[in-house]
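# Breakdown of the fold
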Amino acid sequence: NAGVTQTPKFQVLKTGQSMTLQCAQDMNHNSMYWYRQDPGMGLRLIYYSASEGTTDKGEVPNGYNVSRLNKREFSLRLESAAPSQTSVYFCASSEAGGGVQETQYFGPGTRLLVL
Amino acid sequence: AQSVAQPEDQVNVAEGNPLTVKCTYSVSGNPYLFWYVQYPNRGLQFLLKYITGDNLVKGSYGFEAEFNKSQTSFHLKKPSALVSDSALYFCAVRDMGFKTIFGAGTRLFVKA
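Scope of this entry: the structure provided in the associated data block. None of the values given here were measured: they were computed from a predicted structure.

Our next topic: the overall build of chain B. When helices and strands are counted, chain B shows zero helices and 12 strands. When the helices and strands of chain B are placed in sequence order, the string is β-β-β-β-β-β-β-β-β-β-β-β. The globule rule puts the C-alpha radius of gyration for 112 residues at 13 Å, and the 13 Å found for chain B is close to it. Projected onto its principal axes, the C-alpha positions of chain B cover 40 × 30 × 20 Å. Per-residue burial for chain B yields a buried fraction of 47% across its 112 residues. Counted over contacts in chain B with a minimum sequence separation of 6, partners at least 24 positions apart contribute 53%. Accessible surface computed for chain B: about 5400 Å², of which carbon and sulfur atoms make up 50%. Counting 11 positive and 8 negative side-chain charges, chain B places the averaged centre of each group 5 Å from the other.

Here the focus is the side chain of Ser 87 of chain A. Residues and elements named next belong to chain A. Mapped onto the fold, Ser 87 is located in strand 9 (residues 87–94). In this structure the side chain of Ser 87 is engaged in a polar contact, spanning 2.9 Å, whose partner is the backbone oxygen of Gln 37. Leave out the neighbours within four places in its chain, and Ser 87 touches Arg 36, Gln 37, Asp 38, Thr 110, Arg 111 and Leu 112.

This next bit is on the state of the cysteines. For the structure shown, the criterion picks out two disulfides over all chains. Between Cys 23 of chain A and Cys 91 of chain A runs a disulfide, and the two sulfur atoms are separated by 1.9 Å. Its S-S torsion of about -70 degrees marks the bond between Cys 23 of chain A and Cys 91 of chain A as left-handed, since a negative value means left-handed. Here Cys 23 of chain A is found in strand 3 (residues 19–25), whereas its partner Cys 91 of chain A is found in strand 9, with 68 residues between them in sequence. Judged on exposure class, the residue Cys 23 of chain A and its partner Cys 91 of chain A are both buried. In this model, Cys 23 of chain B is linked to Cys 91 of chain B through a disulfide, with the two sulfur atoms separated by 2.0 Å. Judged by the sign of its S-S torsion, about -65 degrees, the bond between Cys 23 of chain B and Cys 91 of chain B is left-handed. Placement of the pair is Cys 23 of chain B in the loop between strand 3 (19–21) and strand 4 (24–26) and Cys 91 of chain B in strand 10 (residues 87–94), with a sequence separation of 68 residues.

The interface is formed by 23 residues belonging to chain B together with 26 residues belonging to chain A. Taking both sides of the interface into account, the surface hidden between chain B and chain A amounts to around 1900 Å²; carbon and sulfur atoms contribute 57%. Connecting chain B to chain A are zero salt bridges. Linking chain B with chain A are four residue pairs in polar contact (both at pLDDT 80 or more). Of all the secondary structure elements, the ones that give two or more residues to the side of chain B that touches chain A are strand 5 (32–38), strand 6 (44–50), strand 10 and strand 11 (100–102) of chain B.

On to the packing of aromatic side chains. Taken as a whole, this structure holds 15 aromatic pairs over all chains when the rule is applied. On the numbers, 6.5 Å between centres and 65 degrees between planes, the contact of Phe 34 of chain B with Phe 46 of chain B is edge-to-face. Of this pair, Phe 34 of chain B sits in strand 5 while Phe 46 of chain B is found in strand 6, placing the two residues 12 residues apart along the sequence. Overall, the relative accessible area of 1% leaves Phe 34 of chain B in the buried class. Consider the rings of Phe 90 of chain B and Phe 102 of chain B, whose centres lie 6.5 Å apart with planes at 85 degrees: the pair is edge-to-face. In this pair, Phe 90 of chain B is assigned in strand 10 and Phe 102 of chain B in strand 11, connecting sequence segments 12 residues apart. Here the two residues Phe 90 of chain B and Phe 102 of chain B agree in accessibility, since each one is buried. Among the aromatic residues, those joined into a ring-pair cluster are Tyr 33, Tyr 35 and Phe 106 of chain A together with Phe 34, Tyr 36, Phe 46, Phe 90 and Phe 102 of chain B.

Now for the nonpolar core. With 27 residues, the main nonpolar core has Trp 35, Leu 47, Leu 48, Phe 74, Leu 76 and Tyr 89 of chain B as its most contacted residues. Within the residue set of this core, elements represented by two or more residues are strand 2 (10–14), strand 3, strand 5, strand 6, strand 8 (64–68), strand 9 (73–78), strand 10 and strand 12 (106–111) of chain B. Ranked by residues supplied to this core, first place goes to strand 10 of chain B with four residues. With 19 residues, the next largest nonpolar core counts Met 19, Leu 21, Cys 23 and Tyr 47 of chain A among its residues.

Rules and cut-offs
- Residues numbered from 1 in each chain as written.
- Chains lettered and ligands numbered in written order.
- Predicted model: local features only at pLDDT ≥ 70, side-chain atom pairs only at ≥ 80, totals over all residues.
- Heavy atoms only, no water.
- Helix = DSSP H or I, 4+ residues; strand = E, 2+ residues; numbered from the N terminus.
- Rg over C-alpha atoms; globule rule 2.2 N^0.38 Å.
- Buried < 20%, exposed > 50% of the residue type's maximum accessible area, 1.4 Å probe, protein only.
- Contact = heavy atoms within 4.5 Å.
- Areas by Shrake-Rupley, 256 points an atom, 1.4 Å probe, with all protein chains shown as cover.
- Lys, Arg positive; Asp, Glu negative; His and termini not counted.
- Charge placed at Lys NZ, Arg CZ, Asp CG, Glu CD.
- Polar contact = N/O pair within 3.5 Å; in protein donor to acceptor, adjacent residues only side chain to side chain.
- Disulfide = S-S within 2.5 Å.
- Buried area = accessible area lost by both parts, 1.4 Å probe.
- Salt bridge = Lys/Arg side-chain N within 4 Å of Asp/Glu carboxyl O.
- Phe/Tyr/Trp six-rings, centres within 6.5 Å; stacked < 30°, edge-to-face > 60°.
- Core = buried A, V, L, I, M, F, W, Y, C linked by side-chain atoms within 4.5 Å.

See below:
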């Protein structure tokens, strides 16, 4: 099993450009998440999908949109990139409905630089 | 509001010595606490969690954590540190919904 995979690994954008970060998991998990990691701030939740067909905002959703394409795939889109969105983005998944006991499994991350 | 604090940006320890990485939390209701580790250029990996029961939780790679309700702490410990334990460690608390609140992280440096 590959676990959680993310593409691309690294991307450079100019301000105003758009892009989509892809995430896929092969563990048959129901819940998926997008986080951003900034120095000294830990991980912050951008959006999550409790199950296929549902998405909800997290702590820092502004400037982002998501699509839960199917059970396996959860993409994150930046419509008009800004330098403040320079960060490392992590996708994660968890098994059932996102209950309090659930462990999250993380992808390797996408490093995004917005100039 | 739920919160997690990791008071140390970095912890330095010699190989073979015991290590402690500190975490305190603030929650309304029961705490559901996690430790994750991040190696360079990798995603986070689960180490251990406290949901209920024994205050001492054992996890992967010889790590354990002690839940202390009165001190609202969940410190990560290992009796004998290895150089390969050098990494970034995150404490996290889960709320009753889908949100996990992560601490800012503590970088552990184990010197040979």
